[in-house]
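Reading the structure
Residue strings, one per chain:
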Amino acid sequence: MKNLHFKILLTFYLTAASFIGLAQQTQVVKGKINDAQAKYPLIGAAIFLVGSDPVIGATTDVEGNFRIENVPIGRQNFSVQYIGYKSITLPNVLVTAGKEVVLNVDLEESVEKLQEVVVTADAEKDMPINELAKVSARTFSLEEVTRFSGGRNDVARLATTFAGVSAPNDSRNDIVVRGNSPNGLLWRINGIPIATTNHFATLGTTGGPVNALNTNLLRTSDFLTGAFPAEYGNANSAVFDVQFRNGNPDKYEFTGQMSAYSGLEFMAEGPLSKKNGSSFLASYRYGVASLAATGTSAIPFYQDLSFKVNFGESKLGKFELFGIGGASRIDFKGDDIDETDLFANPDQDAYVDNQLGLIGLSHLARISQNTYLTTSIGVSTTHNQYLQDNLIKNEQGETTGLFRATNVENRENRYTFTSNLTHKFNARWSLKAGVLSELYDVNLFTEDRDNRVEIPDNNNDDIPDFFIPITDINDTYTLTQTYAQAEYKFSDDLSATFGAHSQYHDFTEDFAFEPRAGLSWQFKPNQRLSAAYGYHAQAAPSPILFYEEETSPGVYERTNSDLEFMYSNHFVVGYDRNLGPDWRLKTEVFYQSLNNIPVESTPSSYSIINEGADFVFDQRGSLVNEGTGTNYGIELTLEKFFSKGYYLLMTTSAFDSRYKGSDGIERNTAFNTQFVYNALFGKEWKFGKNGKNAWTFDTKFTTSGGRPYTPVDLDATRANLGREVRMDNIAFSERYGEYARWDVKFGVRLNSSKKNISHQFFIDLQNVTNRKNEFVRRYNEVTDNINLVEQIGFFPDVMYRIQF
């Protein structure tokens, strides 16, 4: 089977190579230029190809649209100018034969403008789209997701290249930011929160083995890692603010892709009506899971569908319909599993079934030139089912029977309404205010009789006599958030933001008020200081909030239902220095104080702060908001943006992450790896007439400290019928070995000389040294001992993409 897939990929590659020719190929570059704050079109703005002679460029029409014909294939730089606005440069725009390039540009009005002079400024290539984010923010694009080695076309794994972010786990893409739990991450798609974007995710967690977000649908989006603006709430660590792009409103275009890890996919886009600029974009993907390095011999199956429909401009405003849906399943057969499997137990058959989905409708209404209102409604769902059968074996280890040991079925539906108003008073003042309300419909069911000493076997048939009901919940609650944030520009070089966010949880009747502020000062043309503060609140996840504890024999009660919001104070100071036209040095110092963290009411080391890096939550009741935590550290980024055919990125983070449970002892958190270092390098060599094709090379090296863990109490585990018992009195006192991985990627990008077709092929050699990083030390029922399970070693990922 694997040989067949590689033969298919080789055939694609040879077919692609046949399109190399000698004639020059050009492409169309088009888009829209708007005011950055009020989003109204800028009429007569100029955009031109840097270095072109004669000049290749265009000016915008009354709708702010432009169209540039005959742009040469390859990486190009564009300059955008408009009277009274800061001009910017768009560097290294990749132009291919198979797809028209769409550039949506926002220009910032100068507060020191001269009426008839174009104000120039250096391009801020590293700044986020959300101008209210003054620190700890970075944009990411489709090309970056696919360019970097080891990324597996996963936007979450791309984030691990940024300073302050770590994910020392090859089997999952959980994002640890500055020592925080992955559960502190907020995912948003086109402004609507979604619980997770990952296949095989479980309720309440944000990570998973495979991301369902199709990178081919993404437009440039933001990733924020601390002290984020007031519009973001119910998150304590980071925000992934993902945007789907529009389809091409002028012509039909298609993309086909095959990857060993992300699977087979096909995407189509094109106009619905050229009169009003309406368009569609849709993509379907099916996981070729037998090729994927997942850390298990079981075969996962997954598929997802993503789409966006832009209904164009109308008298009622602009409407957009968008969505994502995914389904995944995997069957672990105990007789086919060995004891080193990352996820399964050879004494069990387990069946995992997951679904996720989001559908949303957004409307943009322009009230005046300087004011617009954006309103969205959406429905999202997360469902996971886990069924476990325990195998009955004889003395020879042969399976003689089985019985159902665990039934889990969880579903959380969210019904979302959000609306925000943006108003630009003048070049100095702008304001954004809004409301977000989510109705949670929660259904949780768990019953278990797996290795429980409290369940008898009176008839001696090796089958426990009954199930223990863990959870049986069908309930709802509403979380309502409001926010307002203003920006004031003292000058073109000095600006400040200030605002507040609030949340009300109608189930716990808890209210949170969260002030936010930021400052940015370009005190020299090549140097900038920034600072920000944020007070952030986050609600307890549904599986913890609704946990039912056995308070007396046979009586189960919700003992966590009064949990309040968890809080964190973020303080960030940053310094940026441009070392040259394409070089940047950036450092940030951060301090985060967490309080009101749920811990046990009796002295113990447990804290919810350590949840989130696994598929399940600890079953803990009678929690109280008395825990604390502290994260602090420094981050350094040295980056050479892509120019002259190569790029370089080095990031390092040194931090400390600690917490106190109800026993008052300060300990490492589960995510305190203490340091993370990344080094990335990429080079392109042009070939063919006019350099329209390119050989590519990319490499990435990552290392981090070892994750703290709580050792297993072997004697207590054996006495507990193999149900693992950890030494909570010395929680997170030991560490796994340091994590290290080196990835190398080779590729080629080809553009047809006679047709609008482009091809891309690469082979990504992941973990080329075949280093077996430590995954977990756990009790093994087969060996009746504590064994080390290692992560996956060397794995080659291949991808072929065709656009036409």
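Structure first, text after, so check above.
What this report covers is the structure whose coordinates are included nearby. The model shown is predicted, which means the values in this text are computed figures rather than measured ones. (Residues numbered from 1 in each chain as written. Predicted model: local features only at pLDDT ≥ 70, side-chain atom pairs only at ≥ 80, totals over all residues. Heavy atoms only, no water.)

Right, let's talk about the overall build of the chain for a bit. In terms of regular secondary structure, the chain is built from five helices and 46 strands. Against the globule reference of 28 Å for 804 residues, the chain gives a C-alpha radius of gyration of 27 Å, in line with a compact fold. Over its C-alpha atoms, taken along the principal directions, the chain stretches across nearly 90 × 60 × 50 Å. In the chain, 67% of the contacts between residues at least 6 apart in sequence involve partners at least 24 apart. Once the 74 positive and 97 negative side-chain charges of the chain are each reduced to a mean point, those two points are 12 Å apart. (Helix = DSSP H or I, 4+ residues; strand = E, 2+ residues; numbered from the N terminus. Rg over C-alpha atoms; globule rule 2.2 N^0.38 Å. Contact = heavy atoms within 4.5 Å. Lys, Arg positive; Asp, Glu negative; His and termini not counted. Charge placed at Lys NZ, Arg CZ, Asp CG, Glu CD.)

The next thing to look at is the pattern of salt bridges. One pass over the full model with this rule turns up 49 salt bridges. Between Asp-250 and Arg-67 there is a salt bridge, with its nearest N and O atoms 3.7 Å apart. With a gap of 183 residues between them, Asp-250 in the loop between β17 (238–242) and β18 (253–259) and Arg-67 in strand β4 (residues 65–72) connect regions that are remote in the sequence. Taking the shortest distance from any N to any O, the salt bridge between Arg-157 and Asp-154 comes out at 3.5 Å. Taken individually, Arg-157 and Asp-154 each receive the classification buried, so the pair is uniform in this respect. What you see here is one network of salt bridges that share partners, running through Lys-30, Arg-67, Glu-69, Glu-100 and Asp-250. (Salt bridge = Lys/Arg side-chain N within 4 Å of Asp/Glu carboxyl O. Buried < 20%, exposed > 50% of the residue type's maximum accessible area, 1.4 Å probe, protein only.)

Now for the pairing of β18. Extensive coverage of β18 is indicated by the burial of six of its seven residues. Two successive antiparallel strands, β18 and strand β19 (residues 263–273), enclose a turn made up of three residues. When β18 meets strand β46 (residues 795–803), the two strands line up antiparallel, connected through five bridges. Paired with Ser-259 across the strands is Met-799, a residue of β46. (Pairing = 2+ DSSP bridges.)

What follows covers unusual backbone geometry. That bond from Asp-53 to Pro-54 is cis: its omega, 5°, falls within 30 degrees of zero. Structurally, the position occupied by Pro-54 is in the loop between β2 (46–49) and β3 (57–59). Phi is positive for Asn-460, which is not a glycine, with a value near 55°. Tracing the sequence through the fold places Asn-460 in the loop between β26 (429–448) and β27 (468–489). Classification of Asn-460 by relative accessible area gives exposed; the value is 65%. Its identity as a non-glycine residue notwithstanding, Asp-784 has a phi of 55°, on the positive side. When you line up the elements, Asp-784 lands in the loop between β44 (774–780) and β45 (785–790). Residue classification places Asp-784 among the partly exposed positions, given a relative accessible area of 32%.

Attention shifts here to the packing of aromatic side chains. Inspection of every chain in the model, using the stated rule, returns 26 aromatic pairs. Considering the side-chain rings of Tyr-440 and Tyr-477, the 4.5 Å spacing of their centres and the 10° angle between planes classify their relative orientation as stacked. Here Tyr-440 is found in strand β26, whereas its partner Tyr-477 is found in strand β27, with 37 residues between them in sequence. Taken together, a centroid distance of 6.3 Å and an interplanar angle of 80° make the contact between Tyr-659 and Phe-732 edge-to-face. With Tyr-659 in strand β36 (residues 646–660) and Phe-732 in the loop between α5 (714–719) and β41 (734–735), this pair connects stretches of sequence that are 73 residues apart. By the burial criterion, Tyr-659 is buried, and Phe-732 matches it. (Phe/Tyr/Trp six-rings, centres within 6.5 Å; stacked < 30°, edge-to-face > 60°.)

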